[in-house]
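Survey of secondary and tertiary structure
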Amino acid sequence: MRGLPRNSSQPDDTVLGVDYTGDPAGPPVYLDAASAAPLHPVAREAMFAALADGWADPARLYAAGRRAQQLQEAATAVVAEIFRVRPDELSFWPSGAAAAQAAVLGGLAGRRRAGRVLVHSAIEHSAVLHAAGAGETTEVGVNRLGRLDLDAWATAVAAPGVALAALISASHEVGTVQPVAEAAASCAGSGVPLFVDAAQSAGRVPLPSGWSLLSASAHKWGGPPGVGLLVVRKGVRWISPTPQDDLYRPRPSGAADLPAIVAAAASLRAVTAEAQAEAVRLSALVEQIRDRVAATVPDVEIVGDPVDRLPHLVTFSCLYVDGEALLHALDRRGFAVSSGSSCTSSTLRPSHVLEAMGVLSHGNVRVSLHRGTTPAEVDRFLAVLPGLVAEIRKEAGF
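What you are looking at is a predicted structure, and each value in this text was computed from that prediction instead of being measured.

**A short note on the sheet that holds strand S6 (residues 136-140)**
Taken in spatial order, the seven strands line up as S4-S10-S9-S8-S7-S5-S6 in an open sheet, and their pairing is mixed. Unpaired on one side and paired on the other, strand S4 (90-93) and S6 mark the two borders of the sheet. Going from strand to strand, the sheet's axes swing by 20° on average, the running direction of each strand aside. Two elements, strand S5 (residues 117-121) and S6, share five bridges in a ladder whose sense is parallel. For Val117, the partnering residue across the bridge sits in S6 and is Glu136.

**What to know about the packing of aromatic side chains**
Here the structure, examined in full by the defined rule, presents three aromatic pairs. Pairing Tyr320 with Phe398 gives two aromatic rings, centres 4.6 Å apart and planes at 20°, and the pair type is stacked. Remark: Phe398 occurs in the segment after helix H10 (375-395) and Tyr320 occurs in the loop between strand S12 (313-318) and helix H8 (323-332); sequence separation between them is 78 residues. Above the ring of Trp211, the side-chain terminus of Arg233 is found at 4.4 Å from the ring centroid.

**So, the pattern of salt bridges**
A side chain of one charge can pair with a side chain of the opposite charge when the charged atoms of the two come close. In this structure the tally under the stated criterion is 10 salt bridges. Glu274 is the salt-bridge partner of Arg371, the closest N and O atoms lying 3.4 Å from each other. A residue pair is termed long-range when its members are at least 10 positions apart, and Arg371 in the loop between strand S14 (364-368) and H10 and Glu274 in helix H7 (residues 258-296) qualify at 97 residues. For Glu274, a relative accessible area of 26% corresponds to the partly exposed category. For the salt bridge of Arg281 with Glu278, the shortest nitrogen-to-oxygen distance reads 2.9 Å. With Arg281 and Glu278 both in helix H7, this residue pair falls three residues apart, about one helical turn. Residue Arg281 is classed as partly exposed on the basis of its relative accessible area, which comes to 27%. Connected through salt bridges with shared partners, the residues Arg86, Asp88 and Lys234 form a single ionic network.

So, how was this worked out
- Residues numbered from 1 in each chain as written.
- Predicted model: local features only at pLDDT ≥ 70, side-chain atom pairs only at ≥ 80, totals over all residues.
- Heavy atoms only, no water.
- Pairing = 2+ DSSP bridges.
- Helix = DSSP H or I, 4+ residues; strand = E, 2+ residues; numbered from the N terminus.
- Axes fitted to C-alpha atoms, helices over the stretch in contact; angles between N-to-C directions.
- Phe/Tyr/Trp six-rings, centres within 6.5 Å; stacked < 30°, edge-to-face > 60°.
- Lys NZ or Arg CZ within 6 Å of the ring centre and 35° of its normal.
- Salt bridge = Lys/Arg side-chain N within 4 Å of Asp/Glu carboxyl O.
- Buried < 20%, exposed > 50% of the residue type's maximum accessible area, 1.4 Å probe, protein only.

Following this line, the structure appears as structure tokens:
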């Protein structure tokens, strides 16, 4: 590996010695925005500007520090306005996962007198489930479309000893939008705060109502990685799960990445302005994928709610197909997608979301679109997919 690029009048096509010029045959088609959306142009511009003007410690009183503080306050105000919360209810964290875990652990710590039980859906993100594993939990199931069982939820949150409830706003694996407002009403009736993980919906669809704590992740909407958002409503008791000066004020330890925060706020404002038009455009492309895959790939199941879903995400499972093999085959043809059913070296088990839904998990593919996705790219994907599935089945003896 070569070293850092040297100063030169000629462009260097490496970063830290890694070639990033791409495949000479053409750039790949990126269809995994649910993992990380490509950086919005506004985010790039804002980050470069903030790197030049917002590098100082915003807690300091000299001119550079005051300028950094102004940028931090401006970014906070932008996000707070879009989320319709107070600026002092919002804090920035090193990632969406860190923000979600801080919401769960801090929310439980703040409600120890009420109880120790966390009620959560069976399809929460793994970051939430890992945090939940530190204490007592009650899991509430979903139906085959991935929608929460509201009756079971109402019973669970009304039980003695419940300190907090957690419900993802929309499934990160199949796109089903959850009935957050109805779940929040049950929580309010039982005096239980509700935490909502809005990582997949923030910046794409209107945020639900009724929650007490909420987290989001900037790189899901086209902001930079390394920026999570946590909102804790006034009146909700929260105690930091980590040692710090102020245990009751939600904030992470250490210095914030202010240029990234500024870029996250700028990109959120940009994608929110585009959201309605993009939802219409991407929904049409997703509908095309749903129809064409069902028509051209035998023994396939399109999973998730066909109506109450995120506009940019579709998931399907192919019988007699190994999901990892299909992902590698698509990657060789230039298509970047993800799978919820591929076993990993750490868990050696399929997706807990698909298991909870009771749907087919073999040969699972999640396709998630972004503002740069074109109809031609979707057509190329749909033209290649049936043949690859057939080849893998043939090699497996089916």
